[in-house]
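Given next are the chains, with one letter for each unit.
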Amino acid sequence: MNRAEPLSLLPLELEGVAFRHRGQTLLHPLDLRLERNGKTLIMGPNGAGKSLLMRICHGLLAPTAGTVRWCGGATPDTIRRRQAMVFQRPVLLRRSALANVRHALGAQGVPRRERARRADEAIEQFGLQAIAHRPARVLSGGEQQRLALARAWALRPEILFMDEPTAALDPAAIRAVEEAVDTFHHNGTCIVMSTHDLGQARRLADDVIFLVNGTLVERSPVQQFFEAPRSAQAAAFVRGDLVW
Amino acid sequence: MDNAFQAAFRLIAERDPVLVEIVTLSLQVSLTAVLIASAIALPLGAAIALWQFPGRGLLIVILNAFMGLPPVVAGLMVYLMLSRAGPLGELGLLFTPTAMVIAQVVLILPIVAALSRQVIEELWGEYREQLQSLGVSRLGAIPTLLWDARFSLTTVVLAGFGRASAEVGAVLIVGGNISGVTRVMTTSIALETNRGNLPLALGLGIILLVLVATVNAVAYMVGESARRRLG
Ligand SMILES: Nc1ncnc2c1ncn2[C@@H]1O[C@H](COP(=O)(O)OP(=O)(O)OP(=O)(O)O)[C@@H](O)[C@H]1O
Ligand SMILES: [Mg+2]
């Protein structure tokens, strides 16, 4: 298992990271440290830059300024293999649910023999046995979301990014996802997740990153964020008022 | 006219040797052409879809334009290449089945390349971040993309086969319609109609029609079942 190896990628450190596009600053320079074993929730209004920040952390986008530094001097290949991301709209390949999980394992260079075992394990972990052989793209929204999580699970990432994984899910599916997040966490995976659901953030988070308009306004432990936020904007956001 | 139809069906039913020979050669030429064109055009389409390079836009425009290339012009181009005075004249390929294969490759390669470029680019747009997230390089993404686009690409290849087997101008120019050597269905139909040998022309016409209809039906069913089964 990756995380059983002594060398850890974490903490992840962002220093002066910013993102500009066509002369517009979408993300203002920010510093951020993501610790091992943390559960960090990213919150903020639409267009605040939550998805952008996660894409930069995950390495899908290069920041236009600043540095993203992983611990331990791992090679880019190792860094890539030790993290996973679940997108808001799951991107599933045109194959069966099970084949999707196997494909991901193959992409990460897991030996063929081990792929089948780990894929079955992940399918079972997320209660997908009954639909394992159905084409992934005809599954319901909630099933697709669970499959995307199962795929990430199979990869055994050290850090997992999840972009609004419960948007548009029914209450039971939301609970299933939250339980999955806990399972990930118990297995030592660092969680970074965005959500618009205040209750969910309260339930899941260790700490909250609050973004408005591309600016990191506040980072606080969850209890402080909800009960005594340091910024006026966070206070308004927690009350459910508009913040710009 | 009725007699001609009856005679045509009799030729088909009795597996008339001349008719069988022509149909066999037609299928050999067109299938070979489709195989060669696809082997070049599918990777080419994928490469254009995945990589940015100077002249990419121009290449796409050229491929799209060549999709509508008139067969006689394709035939003329290949003729000039293969004729005794042409750059490849030494090979002595003119008026052989090989020349016809080359002409059909020229004709369908742009179709398969342009259409597969479209299909793969669309899929890449959808899969890109996920594959990147899994650590798949562009080159490494090609097998995944080709496999996941397999149904659309099958219809693309079938479209190429349909065009190859139905065209007459290119194979007529480079093949010469030599009896027993380079006569395929389309050129034979033209010749036999002129000669007044309607049964043979009609018999070949019926077979060609059935072939093209079958190819289209298969393409349609492949597309439909893919949509139903894979979403
Ligand atoms: N690749 C890009 N090119 C140009 N603009 C972009 C790009 N990615 C994001 N943006 C812009 O950056 C801003 C932040 O986008 P982002 O997707 O991070 O918001 P978000 O906080 O995730 O919002 P939501 O809650 O709606 O998901 C938006 O205004 C968006 O239009
Ligand atoms: Mg977002």
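If you're wondering where the values come from, they're calculated on a predicted model, not measured in any experiment. (Residues numbered from 1 in each chain as written. Chains lettered and ligands numbered in written order. Predicted model: local features only at pLDDT ≥ 70, side-chain atom pairs only at ≥ 80, totals over all residues. Heavy atoms only, no water.)

Another point: the overall build of chain B. Looking only at helices and strands, one finds 10 helices and 0 strands in chain B. Put simply, chain B runs from its N terminus to its C terminus through helices and strands in the order α-α-α-α-α-α-α-α-α-α. Seen along its three principal axes, the alpha-carbon backbone of chain B occupies a region of about 65 × 50 × 25 Å. Put simply, chain B has 231 residues, and 47% of those count as buried. (Helix = DSSP H or I, 4+ residues; strand = E, 2+ residues; numbered from the N terminus. Buried < 20%, exposed > 50% of the residue type's maximum accessible area, 1.4 Å probe, protein only.)

Take the packing of helix α3 (residues 56-67) of chain B against helix α5 (residues 97-133) of chain B next. All names here are of chain B. Their axes nearest at 8 Å, the elements α3 and α5 cross at an angle of 125 degrees. It follows from the interaxial angle that α3 and α5 lie oblique. Crossing handedness for the pair α3 and α5: left-handed. On α5, the residues touching Arg56, Ile60, Leu63, Asn64, Phe66 and Met67 of α3 are Pro110, Ile111, Ala113, Ala114, Leu115, Arg117 and Glu121. Residue composition of the contact of α3 with α5, grouped by class: 9 nonpolar, 1 polar and 3 charged. (Axes fitted to C-alpha atoms, helices over the stretch in contact; angles between N-to-C directions. Parallel < 35°, antiparallel > 145°, perpendicular 65-115°, else oblique. Left-handed = near helix turned anticlockwise from the far one by under 90°. Contact = heavy atoms within 4.5 Å. Nonpolar A, V, L, I, M, F, W, Y, C, P; charged D, E, K, R; others polar.)

A few words on the site of ligand 1. Residues and elements named next belong to chain A. Taken together, His21, Leu26, Pro45, Asn46, Gly47, Ala48, Gly49, Lys50, Ser51, Leu52, Glu164 and His196 are the residues near ligand 1. Taking 630 Å² as the accessible area of ligand 1 by itself, protein coverage stands at 62%. The leading source of residues in the shell around ligand 1 is helix α1 (residues 50-58), at 3 residues. (Near = heavy atom within 4 Å. Areas by Shrake-Rupley, 256 points an atom, 1.4 Å probe, with all protein chains shown as cover.)

Another point: the interface of chain A and chain B. Tallying the contact residues gives 20 residues for chain A and 19 residues for chain B. Buried surface at the junction of chain A and chain B, both sides included, amounts to about 1,800 Å², of which 50% is carbon and sulfur. Linking chain A with chain B are 4 salt bridges, by the criterion used here. The residue A:Arg94 makes a salt bridge to B:Glu126 at a minimum N-O spacing of 3.2 Å. The interface formed by chain A and chain B includes 11 residue pairs in polar contact (both at pLDDT 80 or more). Elements with a minimum of two residues in the side of chain A that touches chain B: α1 and α3 (97-107) of chain A. The dominant element in the side of chain A that touches chain B, judged by the number of residues it contributes, is α3(A), at 3 residues. Within the side of chain A that touches chain B, the residues separate by chemical class into 11 nonpolar, 3 polar and 6 charged. (Buried area = accessible area lost by both parts, 1.4 Å probe. Salt bridge = Lys/Arg side-chain N within 4 Å of Asp/Glu carboxyl O. Polar contact = N/O pair within 3.5 Å; in protein donor to acceptor, adjacent residues only side chain to side chain.)

Let us now look at the sheet that holds strand β7 (residues 190-194) of chain A. Residues and elements named next belong to chain A. As summarised here, the arrangement of the 6 strands in space is β5-β6-β7-β3-β8-β9, forming an open sheet in which the pairing is mixed. The sheet terminates laterally at β5 (83-86) and β9 (215-221), the two strands that pair on one side only. Direction aside, the axes of adjacent strands within the sheet are offset by 15 degrees on average. Direction of pairing for β5 relative to strand β6 (residues 159-163): parallel, over a ladder of 4 bridges. Among the inter-strand pairings, alanine 84 is bridged to a residue of β6, identified as leucine 160. Across the sheet, α1 lies against β3 (39-43), β5, β6, β7 and β8 (207-212), angled at about 155 degrees from β6, the strand it touches most. Along the sheet, helix α9 (residues 232-239) makes contact with β3, β8 and β9, crossing β8 at roughly 100 degrees. (Pairing = 2+ DSSP bridges.)

What follows concerns the side chain of A:Arg151. Tracing the backbone through its elements, the reader meets A:Arg151 in helix α5 (residues 141-154). Although A:Arg151 lies buried, it forms no salt bridge, and the closest oppositely charged side chain, B:Asp148, sits 8.6 Å away as judged by the N-O distance. The contacts of A:Arg151, once residues within four sequence positions are left out, are A:Val91, A:Leu92, A:Asn100, A:Val101, A:Ala104 and B:Gln130. (Lys, Arg positive; Asp, Glu negative; His and termini not counted.)

Residue and element names in this part refer to chain A. Under the criterion given, the structure shown has 7 aromatic pairs over all chains. Measuring from ring centre to ring centre gives 5.6 Å for phenylalanine 210 and phenylalanine 225, while their planes differ by 55 degrees; the resulting arrangement is tilted. Pair noted here: phenylalanine 210 is in strand β8 and phenylalanine 225 is in helix α8 (residues 222-227), with a separation of 15 residues, a long-range link. These aromatic residues form a ring-pair network of at least three members: Phe210, Phe225, Phe226 and Phe237. (Phe/Tyr/Trp six-rings, centres within 6.5 Å; stacked < 30°, edge-to-face > 60°.)

Now for helix α9 (residues 185-195) of chain B. All names here are of chain B. For α9, every residue scored as buried is listed here: Met185, Thr186, Thr187, Ser188 and Glu192. Where the residues of α9 are buried, they touch α2 (17-50), α7 (150-166), α8 (169-175) and α10 (198-230). Once α9 finishes, glycine 196 follows within two positions and takes phi at roughly 85 degrees, a positive value.

Residues and elements named next belong to chain A. In terms of domain boundaries, chain A breaks down into domain 1 (34-62 + 73-82 + 158-244) and domain 2 (92-156). One C-alpha centre belongs to domain 1, the other to domain 2; they are set 24 Å apart. Across the domain 1 to domain 2 interface the summed buried area is about 980 Å²; carbon plus sulfur atoms make up 73%. On the domain 1 side of the interface with domain 2, the three residues burying the most area are Arg81, Leu169 and Phe184, jointly 41% of the side's total. For the pair domain 1 and domain 2, the number of links is 0 salt bridges. Put simply, domain 1 and domain 2 have 1 residue pair in polar contact (both at pLDDT 80 or more) between them. (Domains from an automatic or database assignment.)

Attention now goes to empty space enclosed by the protein. All chains considered together, the criterion is met by 2 cavities of 30 Å³ or more. Roughly 80 Å³ of volume is contained in the largest cavity. Forming the boundary of the largest cavity are 13 residues, of which A:Met85, A:Ala148, A:Arg151, A:Ala152 and B:Gln130 lie nearest the centre. Those elements that provide at least two residues to the lining of the largest cavity are β5 and α5 of chain A together with α5 of chain B. For the second largest cavity, the full set of lining residues is B:Ser26, B:Val29, B:Ser30, B:Gln104, B:Ala164, B:Ser165, B:Glu167, B:Val171, B:Val184, B:Met185 and B:Thr186. Listing elements by their share of the lining of the second largest cavity, those giving two or more residues are α2, α7 and α9 of chain B. For the lining of the second largest cavity, the class distribution of residues is 5 nonpolar, 5 polar and 1 charged. (1 Å grid on protein atoms, 1.4 Å probe; cavity = no way out; pocket = protein on both sides within 12 Å on 5 of 7 lines; lining within 4 Å. Points joined across faces, edges and corners; volume = space filled by probe spheres on them.)

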